[in-house]
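# Observations on the three-dimensional arrangement
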Amino acid sequence: MKNINPVWRGLISLIVFGALGYGVGFGISVLVNGAAKTSPAGPIPSVFALFFGFAAFFFGVIGYRGVTRGLTWQVIGTLVGAFVVVGIRAAMGLSAFDGKGFFLPEGAWVFGGLVGAISFMFGVGVLSDWVKWARGIETPEEHPQDESGWKKFFSVSLDHKVIGIQYVVTALLLISIGGLFALIFRTELAASQLQFLTEGLNIFSQNGLQLFNTLISLHGMIMIVSILLGIAGITNYVIPLLIGAQDMAFPRLNAFSFWIAVPAVVLLLSSLVLGGFDTGWTGYPPLSTLAPVGMQMFFLGVFVAGWSSILGAINLITTVVRMRAKGMTAWRMPILIWSSIAASLITLTATQFIGLSFQMVMFQRLFGMGFYDAAKGGNPILFQHLFWFYSHPVVYVFVLPGLGIISELLPVFSRKPLFGYRWVAMSSLGIAMVGYIVWAHHMFASGMNEYLRIPFMYSTLLVSVPTGVKFFSWVATMWRGKISTPTPMLFVLGAIMVFFIGGLTGPMNATVSTDLFLHDTYVIVGHFHDTIFGGFVFPFFAALYYWFPKATGRRMNETLGKIHFYLMTPSFFVLTFGMMYAGFLGMRRRIADYDPELHLDGIHLVTTIAGYLVAISVIVFIFNFFYSIKHGEKAEGNVWNSRSPEWQVPSPMPVHNYDKSFEVIGEPYDYGSGDNGYVKFIDEPASNAH
Amino acid sequence: MAHTQDKSSALSQGVIIFVYLAVLTIIEYFVALTFDATGLLIVIAIIKAALVMYYYMHVYKLNSDEGADNRNSYAYKAATDRLGLWLFLLSDTFVFAGLMVSRMNLLGLTRPHLNQALGLFVTAVLLVSSFFMNRGETAMKFGDVKGFMKNTAVTFVLGLAFLLGVVFVEWRMAAAEGLTASFGNPATGPVGGVFYLMTGMHAFHVLTGLIFLAVVWNNARKGIYTAEKHWGVEAATVYWHFVDLVWIFFYPALYLIGKVVQ
Amino acid sequence: MIHFLIVGALVIVVALLTYLGLDLTGLADKMNPVTASAQAVSIDHLWHLEVMVMCFLFGLIMVPLFYSLIVFRQKKGELKDGQYVTGHTNLEITWTVIPLITVLTFAYLGGRSLSDINRIDPNALVIKVHAQQFTWTFEYPEYGVFTTELHLPVNRQVLLKMESKDVIHSFWVPEFRIKQDVVPGRITEYRITPTLEGSYKVRCAELCGTSHAYMENPVIVASADSYATWLNDQAKLAQESQTPEGKGKLLATKNGCIGCHSVDGTKMTGPTWFGLYDEDTKFADGTDAVADDAYIKESILDPNAKIVAGFPSPSIMPPFKLTDDEISDIIAYIKTLK
Ligand code: HEA
Ligand code: HEA
Ligand code: CUA
Ligand SMILES: [Cu+2]
């Protein structure tokens, strides 16, 4: 086994142990439910196969340590937690097991899932230093050197650069999984009537319609989590470099934020096999109080993932406030920092609301507390307020860092200062602040107090103003520049165009009376794919192409990069224009089958094909990414001829970042001014920087 | 400024603040019993919160530039940690704010029927515990580890009493009042849900606070804190007062404002 | 200067072309399907205005972007920097204030349009709407009529008072434009003045469970006369149906059973009732039973007790609290379906 490629080793153990887990699950299922009631694609065999397979894959790749140990502990923790509940139920004289095919009762799944997530953290080893502190044992100030080579990415590392890459790769993995789900349900949507997600289907205790709903809902949430992780990845990697810090303010918390996302994702995915849920990513009650156990796993997964973003935001803000290089005053910070801070402020505060709203549904399901149960005097619309109080601002969490990346790269490739730096910086804060008070624009048709719709219409439209400032400033930055278009710049331009289309469809959603038509149609689906791709996906790719040489000392392949861009951008426009057009013709959201009388078959087919083309372009990217790590063209100098500090030292970045600390002596984007640059290195070891 | 006092004046400041808080709580209680003045109750709660934040939790320290001349110094690092802690508390505030919003939405200006004497009693217990916590921290600030341990032990016992009081007495009495409705018996709707979730979430924070106190107490016993270096103690203190701060708002929200419903 | 002139001209050209392009798809001057209500007219106006402004903005950003990209690109081998300009306060103020005014205008017009579509006619016809997974039932309170098709007279304001039995649904007739959620525990209102005779569909627009896609019922807008005739017929039918079968049929409509169970053998969310009675039913666990009175009663009161083969578990069908008399009426009705 030793000299086989680790990836193959992983896949082999995935298959072997996945099958083993499946067998065990099948056996249990037969024992508990009887052979007749056990379906081959039933929840128990699948959940065992999923858990075993995951853990075994990593076992094959790196052996028993890091993630593997975490996942093993998660499995054990889940079982222990679950059986505690089973025991308590048995002691209370309640039915200990579940008769509906899920083996364990709902409470056991939930508690088991929670204990499992915590066990993961102990198993993977992020908590060990804190445990030492709690016992009064000092840990070394300098964090320990990671092992060399790729294996360090699979275990806990305290180095912000390693964590950044861990985040980015996880995000790419999630985009692939979410994208795969999208391709599955897009295929079903290519024609009216049900083709393969039929009512007769029975996978994971779901018929085709339920599975379709599960897939769209998970697509939505997995993509959103992938965005949050992708952003965390970029900011983690880049921001300490931009401000000249050794690391983030709290390296252990940083590792914690990353690793907690892993069990969260496992929980999220387990909802697919535990009966799924049919509510969309919004999980509105009362529907979500009726869905199968999968619903609880979804809520729990999102809740745990929420902690990852909250703690990440705390870390980021503290780092920026406390650890900037000498001379880096507020108005001389790189612009990406402004937007990341604005986004972090939102994450820090609003995330608690979605956590709470989900918890309340969980409690309602577990204990019958009737928060959202109208029959008991609860209020289903309260959930929507709590939910959107987070979920609207979070769309600006998705885009603000992305817009920051645009503003960061545009001057480099236009060879011109960022036009109106202060206005652009303030517009980020403006968007974030106004973003707090617009949430009810998702609820214009919800039956909330009618008069509230007017103030929310005003506030929503107001967001366009600071966003507009960014667009105009970008255009003015390019005007009379000396523009070159390597791959990162292409993605920046793509981002601007795509986000612009998405943004322009915003105001028509915001005026109440037109929204009463557009709400819950594919127009909205088109709107947000545009804003999300333009505000996150395109800038994310731009950032990866741009900072790749910094991380690896090699460039990504330009030709493949261009293929990626020129394939993705047009197909993406076709995808979203197709969505919007279908929406205008009356296509509702979240339906697997549409009325043939609407004559939507043609447009849906085109949309599906476009979706596949986008997927192919992403596969090209993923190939390029892993290929270039080893085989890319060497690029150790200032590849993009940037003023930014991280490019003034050779790539790849050494473990402890800068050897010498620097002082800020100019403006970050003063290209063409002929001054002495943005930063000056001073002869002082970086650890004593001030 | 408060942080350049000598020990006895620091301690007596703690006493004075405690007296203010106690008097305000009593006023609050009688106001609520005699007439319907939600606005006044909110004002009192805010004043109490401000007193706790300033004198017990030392928010102003966020603004200090201790250790700025050497970024590797303990003081500079502690100040960084302090910012992190406060950001965490800010975030946590939003959980409680969300609960408050839900409470207002679901119950409006009504409140569950609860035992007033018990409510006032647990509130007093928590307040007194904050007072001892403050004494403990002050002792540590002047290097008095023994004093710290003594006061923290008292705090711990009071906190434990609060926790047990809520879970084993208050919840049982509430259940007797019919609030268990939520556990399977669909009679009183979300009232029980709101009550259990608010007190439960707060109790959970008390529990974590107790664990935190136990940890710093044990570390103090091992002698790893000094007058200059005791960030762990400060963090535990601030966290403990934060739990008290939340109760300053939850107590009137659950026990005092609005009309009783049954 | 010449750059500005060219760009200015191009902006106008591109804006016009965008508008014309949208017009080709038929989306520029009104929203899609036919405009079939008075309220839709006002919404379409607002829409048209927004489209025009968006087309202009599209040109305004895209033209200078592409223009710079082409004209100000770096020539091969050239390593110069661009012109050193860091900002321009007056420009910034301009492009803050003008969009501000624009959006405020939108908001104002949006408010106007909203009050237009909410204008109340005191003589509005009141119809009750009951939503449930996965069908709509309409009640004409003054006539005791229950139907699963919504009939409306043309050119008269109707006020729908909507209630949901289970989860949130949303009432949407695309031709009327407006959409309104139906929420359990409260009554939401939907005001509409149909202006165009024809038959449409109300399509549930809020995800309400697996068969959300199929929660579509016919909406028929007819002249005042034919509406009155239809209503009278229905009222008569309701009165005459005093037989158990007749009452059963009415109950099946009222309770929404026929939203999931077809009576002619076609497959819907639930198994068809056609030929159900006294025949063998196969269950998901492999057993089977004859559909007699006791079985049907059990199916209604506790749908989870036995799941019909091919249908998901737990049952999608909610338990119904019906009296014994009502159940025997329904059974009498099911018996007729052969
Ligand atoms: C990245 C995410 C992102 C971003 C940035 C935005 C940006 C905006 N969104 Fe979007 N939105 C979503 C993601 C996003 N949205 C998602 C995910 C949903 C659906 C959720 C669900 O239901 O599942 C949604 C749904 C949604 C709705 C609810 C629709 C419905 O369900 O009925 C509304 C309604 O107002 C809305 C409005 C807006 C507005 C006004 C903006 C503005 O911020 C746009 C501002 C930008 C511009 C306007 C362009 C540039 C400006 C200028 C050039 C200046 C001049 C402009 C003018 C004078 C107008 N969005
Ligand atoms: C980051 C956010 C994001 C991204 C990137 C996408 C990407 C895509 N989305 Fe998604 N979408 C959402 C966020 C996102 N979406 C949200 C929030 C919803 C709302 C959900 C709800 O209503 O509840 C939604 C809903 C949604 C719908 C509406 C469903 C419905 O209402 O019925 C549709 C329909 O066409 C759709 C399509 C697509 C397509 C074709 C892509 C394509 O771009 C996907 C392209 C494919 C890839 C990027 C993957 C490529 C890689 C591989 C294929 C490799 C696979 C290999 C391995 C796994 C090893 N999405
Ligand atoms: Cu009813 Cu969707
Ligand atoms: Cu929004």
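Scoring rules and cut-offs
Residues numbered from 1 in each chain as written. Chains lettered and ligands numbered in written order. Predicted model: local features only at pLDDT ≥ 70, side-chain atom pairs only at ≥ 80, totals over all residues. Heavy atoms only, no water. Domains from an automatic or database assignment. Contact = heavy atoms within 4.5 Å. Buried area = accessible area lost by both parts, 1.4 Å probe. Pairing = 2+ DSSP bridges. Helix = DSSP H or I, 4+ residues; strand = E, 2+ residues; numbered from the N terminus. Axes fitted to C-alpha atoms, helices over the stretch in contact; angles between N-to-C directions. Salt bridge = Lys/Arg side-chain N within 4 Å of Asp/Glu carboxyl O. Nonpolar A, V, L, I, M, F, W, Y, C, P; charged D, E, K, R; others polar. Parallel < 35°, antiparallel > 145°, perpendicular 65-115°, else oblique. Polar contact = N/O pair within 3.5 Å; in protein donor to acceptor, adjacent residues only side chain to side chain. Donors = N, O, S within 2.8 Å, 3.2 Å for Na, K, Ca; no water.

## Quick look at the domain arrangement of chain C
Residues and elements named next belong to chain C. Domain assignment breaks chain C into domain 1 (2–69 + 92–117), domain 2 (125–239) and domain 3 (242–335). Inter-centroid distance (C-alpha atoms) of domain 2 to domain 3 is 25 Å. Contacts between domain 2 and domain 3 engage 13 residues on the former and 12 residues on the latter. Here domain 2 meets domain 3 over a buried area of about 1,000 Å², counting both sides, of which 58% is carbon and sulfur.

## Re the pairing of strand E10 (residues 216–222) of chain C
All names here are of chain C. For strand E4 (residues 150–153) and E10, the ladder comprises four bridges, and the chain directions are parallel. Residue Pro 153 lies in a different strand from E10, and its bridge partner there is Ala 222. The pairing of strand E9 (residues 198–203) with E10 spans six bridges and is classified as antiparallel. What sits directly across from Lys 201, in E10, is Pro 218.

## Thoughts on the sheet that holds E9 of chain C
All names here are of chain C. Read from one edge to the other, the open sheet built from three strands follows the order E4-E10-E9, with strand pairing classed as mixed. Of all the strands in the sheet, just E4 and E9 have a single pairing partner and so form its edges. Put simply, the sheet's adjacent strands are angled 25° from each other on average, direction ignored.

## Structural notes on the interface of chain A and chain C
Note on interface size: it is often stated as the accessible area lost on association of the parts. Taken together, the contacts link 92 residues of chain A with 93 residues of chain C. When chain A packs against chain C, close to 8,200 Å² is buried across both sides, 68% of that on carbon and sulfur atoms. Linking chain A with chain C are five salt bridges. Of the charged contacts in the structure, one is a salt bridge between Glu 597 of chain A and Lys 201 of chain C, with a shortest N-O distance of 3.8 Å. For the side of chain A that touches chain C, the element with the highest residue contribution is helix H15 (residues 453–478) of chain A, accounting for 15 residues. For the side of chain A that touches chain C, a count of residues per class yields 49 nonpolar, 25 polar and 18 charged.

## Some details on the packing of helix H16 (residues 487–504) of chain A against helix H20 (residues 558–584) of chain A
A pair of packed helices is captured by two measures, namely the crossing angle of their axes and the spacing between those axes. Residues and elements named next belong to chain A. Direction vectors running N to C along H16 and H20 enclose 5°, while the axes themselves pass 10 Å from each other. Judged by the angle between their axes, H16 and H20 are roughly parallel. Here Thr 487, Leu 490, Phe 491, Gly 494, Met 497, Val 498 and Ile 501 of H16 lie close against H20, whose contacting residues are Glu 558, Gly 561, Lys 562, His 564, Phe 565, Tyr 566, Phe 572, Phe 573, Phe 577 and Met 580. Partitioned by chemical class, the residues of the contact of H16 with H20 number 11 nonpolar, four polar and two charged.

## Describing the environment of Asn 638 of chain A
All names here are of chain A. Here Asn 638 shows up in the loop between helix H21 (601–631) and strand E1 (660–664). For the pair Asn 638 and Val 649, spaced 11 residues apart in the sequence, the C-alpha separation amounts to 7.8 Å. At a separation of 2.9 Å, a polar atom in the side chain of Asn 638 contacts the main-chain carbonyl oxygen of Ser 642.

## What about the coordination of the copper ion (ligand 4)?
For the copper ion (ligand 4), the full set of protein donor atoms is His 392 of chain A (ND1), His 441 of chain A (NE2) and His 442 of chain A (NE2), at a range of 1.8 to 2.0 Å. Read N to C, the donor residues that coordinate the copper ion (ligand 4) are spaced as H-x48-H-H.

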